[in-house]
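# Observations on chain architecture
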Amino acid sequence: MHQPHQPSRRILLKSAAMTTAALAVGSAASPALADSPAAAPGGFPDYRYVKTLLKPSQLKYNPTGEIIFPCIRGTAGRLSAPLGRYYLYYAPHDAPGGICLAYGDHIEGPFTEYPHNPVVANVWQPHYSVSHVSSPHVMWNESAKEMWLYFHGENTTTRLARSKDGITFTYDKTVLSTSMLPAGTTETSYARVFPYELPAKKAHFVMLFMLNNTTNHRDIHWGWSADGRNWTFDQKALVSHNDVSAVNVGGPHLLTRGGSAFVVYNKDKESGGDIMITEVGADFTLRRHLGRFYDSSAGAPDNGRSAAPSFGTEGGVPYMVYESGERLQGSIAVARG
């Protein structure tokens, strides 16, 4: 975190890197630019804040005055007659929460709130009735030709729902719970799932999520799956809060570059409030902590905290959509690389 000194916090630099996030929104990657080196760790673009996309006060569905955990997904070539070229999922966190949708034709917006939010509520009989549902992560499942929604509710349980249109979902099953992790685990939430090949584990998908336990320090954990529905979870942390001198880490996202895998995640505000990056290698056995990926500004709009990044490209330009501001007091913003 630093004090802002210009309207743009960083020099805009383009990158030849193609990430898994770029593929996730279905946009073409830009050609290599030999004279435009990337400045962020791992050779990724150096993102800078562009604008705020969504504020709770501007939303019709606003039960708690806060929203978190954006997920940007492209619809072109995937959905028939979509409302826009991009779907932006998000949610309030506090009860009752609710998985929400906004849509637009550009990642920089504007986005229009779906008029019938939430698309998934905290009561879905006969499957569950919980205090809240939140943290939507939507993955395009190419083999199923469906949008797969992973979301939590309660904080102990991550669930899967599936959709052909990205709006109307069918409940599938619980995919993660505290009972699947070591004794003393109190929370398994904020999960994101990505297509990723791990031949040694016969897996085609990986999941990143946040785990809390009786020490009340949050770490990043992971699991792998052949089908995106049935999972095996590593019982040890992928990134521990101690590894990066934080009280808590969370909001993990997977990126790939140069045949290696990287995890980006946020620190709590008291530990700096920045988005960090760790290289885990092609088989997730490496632990190379590369430092700060995105520097949150001390002033508006970040106010010392950037979190829960989601990535995509439009016209070859890389973007990061993220939580901007203090937890449960912020908005959804976009940065350009």
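Remember, it's a predicted structure, so these values are computed and weren't measured experimentally. (Residues numbered from 1 in each chain as written. Predicted model: local features only at pLDDT ≥ 70, side-chain atom pairs only at ≥ 80, totals over all residues. Heavy atoms only, no water.)

## Considerations on the overall build of the protein chain
Counting its regular elements, the protein chain contains one helix and 22 strands. Each of the 337 residues in the protein chain was classed as buried or not, and the buried ones make up 60%. Taking all contacts inside the protein chain whose residues are at least 6 apart in sequence as the whole, residues at least 24 apart take part in 51%. By element, 51% of the accessible surface of the protein chain is carried by carbon and sulfur atoms, the whole surface being about 12,900 Å². (Helix = DSSP H or I, 4+ residues; strand = E, 2+ residues; numbered from the N terminus. Buried < 20%, exposed > 50% of the residue type's maximum accessible area, 1.4 Å probe, protein only. Contact = heavy atoms within 4.5 Å. Areas by Shrake-Rupley, 256 points an atom, 1.4 Å probe, with all protein chains shown as cover.)

## Side note on the nonpolar core
Residues Ile99, Val119, Val120, Tyr128, Phe151 and Phe169 are the most contacted members of the largest nonpolar core, which totals 24 residues. Mapped onto this core, the elements with two or more residues apiece are strand E3 (86–91), strand E4 (100–104), strand E8 (134–141) and strand E9 (146–152). When sequence neighbours within four positions are dropped, the list of residues in contact with Val120 reads Gly98, Ile99, Tyr128, Val133, Leu149, Phe151 and Phe169. Leu238, Val239, Met276 and Phe284 belong to the second largest nonpolar core, which has 21 residues in total. (Core = buried A, V, L, I, M, F, W, Y, C linked by side-chain atoms within 4.5 Å.)

## Considerations on the sheet that holds strand E20 (residues 306–314)
The strand order E1-E22-E21-E20 describes an open sheet built from four strands, whose pairing is antiparallel. Edge positions in the open sheet fall to strand E1 (48–54) and E20, since each of these has one partner strand only. Each strand of the sheet is rotated relative to its neighbour by a mean of 30°, with strand direction disregarded. Pairing of E20 with strand E21 (residues 317–324), which is carried by seven bridges, proceeds in the antiparallel orientation. If you follow Thr313 over to E21, its bridge partner there is Pro318. (Pairing = 2+ DSSP bridges. Axes fitted to C-alpha atoms, helices over the stretch in contact; angles between N-to-C directions.)

## Observations concerning the environment of Phe293
Topologically, Phe293 is positioned in strand E19 (residues 288–294). Taking C-alpha positions, Phe293 is 6.2 Å from Pro41, a pair spaced 252 residues apart along the chain.

## A short note on unusual backbone geometry
For the bond from Ala95 to Pro96, the omega torsion is 10°, close enough to zero to count as cis. Secondary-structure assignment places Pro96 in the loop between E3 and E4. Cis rather than trans, the peptide bond between Gln125 and Pro126 has omega equal to 0°. Mapped onto the secondary structure, Pro126 falls in the loop between strand E6 (123–124) and strand E7 (128–129). The backbone phi angle of Asn216 is positive, close to 60°, even though this residue is not glycine.

## Some remarks on the pattern of salt bridges
As enumerated under the stated definition, the model contains 13 salt bridges in all. Here Glu108 makes a salt bridge to Arg336, at a shortest N to O gap of 2.6 Å. Residue Glu108 is located in the loop between E4 and strand E5 (112–113), and its partner Arg336 is located in strand E22 (residues 331–336); the two are separated by 228 residues in the primary sequence. As a salt-bridge pair, Arg162 and Glu146 come within 2.8 Å of each other at their nearest N and O atoms. (Salt bridge = Lys/Arg side-chain N within 4 Å of Asp/Glu carboxyl O.)

## Here we look at the pairing of strand E16 (residues 249–257)
Among the nine residues that make up E16, eight are buried, leaving the element largely enclosed by the rest of the structure. If you look at the hairpin formed by E16 and strand E17 (residues 260–267), you'll find two residues sitting between the two strands, and Gly258 has a positive phi there, around 60°.

## A short note on the sheet that holds strand E12 (residues 185–198)
Taken together, the four strands give an open sheet; going across it, the order is E12-E13-E14-E15, and neighbouring strands pair in antiparallel fashion. At either end of the open sheet lies a strand with only one pairing partner, and these are E12 and strand E15 (231–233). Adjacent strand axes in the sheet meet at a mean angle of 30° when their direction is disregarded. Bridge count for strand E13 (residues 203–213) against strand E14 (residues 219–225) is seven bridges, and the pairing is antiparallel. In the strand pairing of E14, Phe209 is matched with His221.

## Some points on the pairing of strand E2 (residues 68–74)
The buried fraction of E2 is high, at seven of seven residues. In this sheet, E3 lies alongside E2 in antiparallel orientation, the contact comprising five bridges. Pairing of Arg73 across the sheet is with Tyr87, part of E3.

## Brief notes about the packing of aromatic side chains
Tallied over the entire structure, the rule returns 17 aromatic pairs. Ring centres of Trp231 and Phe233 lie 6.3 Å apart, and the angle between their planes is 15°; on these two criteria the pair is classed as stacked. Look at Trp231 and you get buried, because its relative accessible area is 13%. On the basis of relative accessible area, Phe233 is assigned to the buried category, the value being 7%. (Phe/Tyr/Trp six-rings, centres within 6.5 Å; stacked < 30°, edge-to-face > 60°.)

## So, the side chain of Arg73
Among the structural elements, Arg73 can be located in strand E2. For the buried Arg73, which has no salt bridge, the nearest side chain bearing the opposite charge is Glu142, at an N-O separation of 11 Å. Here Val138 takes part through its backbone oxygen, which lies 2.6 Å from a polar atom of the side chain of Arg73. (Lys, Arg positive; Asp, Glu negative; His and termini not counted. Polar contact = N/O pair within 3.5 Å; in protein donor to acceptor, adjacent residues only side chain to side chain.)

## Considering the confidence of the model for the protein chain
Summary statistics for the protein chain give a mean pLDDT of 90 and a share of 88% for residues scoring 70 or more. Contacts for the low-pLDDT stretch residues 2–37, under 50 throughout, to residues beyond four places or in other chains number 80 contacts. (pLDDT = per-residue confidence, 0-100.)

## Some details on the side chain of Ser310
Within the secondary structure, Ser310 is located in strand E20. Under the relative-accessibility criterion, Ser310 is labelled buried at 0%. A distance of 3.2 Å separates a polar side-chain atom of Ser310 from the backbone nitrogen of Ile72. Beyond its immediate chain neighbours, meaning those up to four positions away, Ser310 contacts Pro70, Cys71, Ile72, Arg73, Arg192, His253, Tyr319, Met320 and Val321.

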